[in-house]
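# Summary of the model geometry
Chain by chain, the residues:
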Amino acid sequence: MTHESDTQAVAAANTAFYEAMERGDFDTVSTLWISDADGPPYSGISCVHPGWPLLFGRGQVLRSYAVIMANTEYIQFFLTDVRVSLAGDVAVVTCTENILSGGPAEDEGELGPLVGQLVVATNVFRRTSDGWKLWSHHASPVLTEDEEETPAEGGS
């Protein structure tokens, strides 16, 4: 493959990951992560969700997505600042996740309150015999001006 076609394939895999999350499609999310069948070089799967500890290994990582999907009624990602960098069989995608999500329904048939969140993410992909697969995901919240601490007056 050419550098340009690899870049497009990685970008497509990244988009597929977020689209599967939006649909709550755990099976597709699972297929987008490197599997144990891909062999020893692919060990070390890791994931950090905002506010979560480091998750290590395919079982822990996929379990975390199952928990998120089971507890999220609605989620939509608007990705901005997407950049793909390639180095042989490894690709790094950085992006800003502009997330809109809703919790459980308050009244029957109604979506709970919608919440917006801004998160920066790094997704690391490896080339496998089945195409580009996620190897690591790390996401951190972006503090807004309202969340930033202001220095105490009078000092201490």
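Relevant structure appears above.
Residues numbered from 1 in each chain as written. Predicted model: local features only at pLDDT ≥ 70, side-chain atom pairs only at ≥ 80, totals over all residues. Heavy atoms only, no water.

### Considering the overall build of the chain
If you tally the helices and strands in the chain, you get three helices and six strands. Going from the N terminus to the C terminus, the chain shows its helices and strands as α-α-β-β-α-β-β-β-β. For the chain, the residues scored as buried account for 32% of the 156 residues in total. Of all intrachain contacts in the chain linking residues separated by at least 6 positions in sequence, the fraction that spans at least 24 positions is 53%. Accessible surface computed for the chain: about 9,300 Å², of which carbon and sulfur atoms make up 53%. (Helix = DSSP H or I, 4+ residues; strand = E, 2+ residues; numbered from the N terminus. Buried < 20%, exposed > 50% of the residue type's maximum accessible area, 1.4 Å probe, protein only. Contact = heavy atoms within 4.5 Å. Areas by Shrake-Rupley, 256 points an atom, 1.4 Å probe, with all protein chains shown as cover.)

### Digging into the environment of Ala 20
Tracing the chain through its elements places Ala 20 in helix 1 (residues 3-23). As a C-alpha pair, Ala 20 and Ser 30 span ten residues in sequence and 9.6 Å in three-dimensional space. The residues touching Ala 20, leaving out its near neighbours within four places in the chain, are Asp 25, Thr 28, Val 29 and Met 69.

### Remarks on the packing of helix 1 against helix 3 (residues 58-70)
If you want to describe how two helices pack, look at the angle between their axes and the distance between the axes. In contact at an axis separation of 9 Å, helix 1 and helix 3 are set at 45° when each is read in the N-to-C sense. When the interaxial angle is binned, helix 1 and helix 3 end up oblique. Across the interface between the two elements, Phe 17, Ala 20 and Met 21 of helix 1 pack against Tyr 65, Ile 68 and Met 69 of helix 3. Looking at the contact of helix 1 with helix 3 residue by residue, the classes come out as six nonpolar, no polar and no charged. (Axes fitted to C-alpha atoms, helices over the stretch in contact; angles between N-to-C directions. Parallel < 35°, antiparallel > 145°, perpendicular 65-115°, else oblique. Nonpolar A, V, L, I, M, F, W, Y, C, P; charged D, E, K, R; others polar.)

### Examining the sheet that holds strand 5 (residues 114-128)
Taken in spatial order, the six strands make up an open sheet running 2-1-6-5-4-3, and their pairing is mixed. A strand with exactly one partner marks an edge of an open sheet, and here the two such strands are strand 2 (55-56) and strand 3 (74-87). Direction of pairing for strand 5 relative to strand 6 (residues 131-141): antiparallel, over a ladder of ten bridges. Bridge assignment links Thr 128 to a residue of strand 6, and that residue is Gly 131. Against the sheet, helix 1 touches strand 3, strand 4 (90-102), strand 5 and strand 6, its axis set at about 160° to strand 3. (Pairing = 2+ DSSP bridges.)

### What about the side chain of Ser 30?
Within the secondary structure, Ser 30 sits in helix 2 (residues 26-32). The class of Ser 30 is buried, set by a relative accessible area of 11%. Excluding its chain neighbours within four sequence positions, the residues that come into contact with Ser 30 are Arg 58 and Leu 62.

### Digging into the pairing of strand 5
As defined by bridge partners, strand 4 adjoins strand 5 across 13 bridges and the pair is classed as antiparallel. Bridging across to strand 5, Val 93 finds its partner in Asn 123. Between strand 5 and strand 6, which pair antiparallel and follow one another directly, the connecting turn spans two residues.

### Looking at the nonpolar core
Residues Phe 17, Met 21, Val 29, Trp 33, Val 61, Tyr 65 and Phe 125 are the most contacted members of the largest nonpolar core, which totals 30 residues. Listed by contribution, the elements that provide at least two residues to this core are helix 1, helix 2, helix 3, strand 3, strand 4, strand 5 and strand 6. Per-element tally for this core: the top contributor is helix 1, with six residues. (Core = buried A, V, L, I, M, F, W, Y, C linked by side-chain atoms within 4.5 Å.)

### Structural notes on the packing of aromatic side chains
Across all of its chains, the model carries four aromatic pairs by this definition. Ring centres 5.0 Å apart and planes at 70° place the aromatic pair Phe 17 and Tyr 18 in the edge-to-face group. Aromatic side chains Trp 33 and Tyr 65 sit 6.1 Å apart centroid to centroid with 45° between the ring planes, which places their arrangement in the tilted category. One end of the pair, Trp 33, is in the loop between helix 2 and strand 1 (46-48); the other, Tyr 65, is in helix 3, with 32 residues separating them in the sequence. Both residues of the pair, Trp 33 and Tyr 65, belong to the buried class. In this structure, Arg 126 packs its charged tip against the face of Trp 135, placed 4.5 Å from the ring centre. (Phe/Tyr/Trp six-rings, centres within 6.5 Å; stacked < 30°, edge-to-face > 60°. Lys NZ or Arg CZ within 6 Å of the ring centre and 35° of its normal.)

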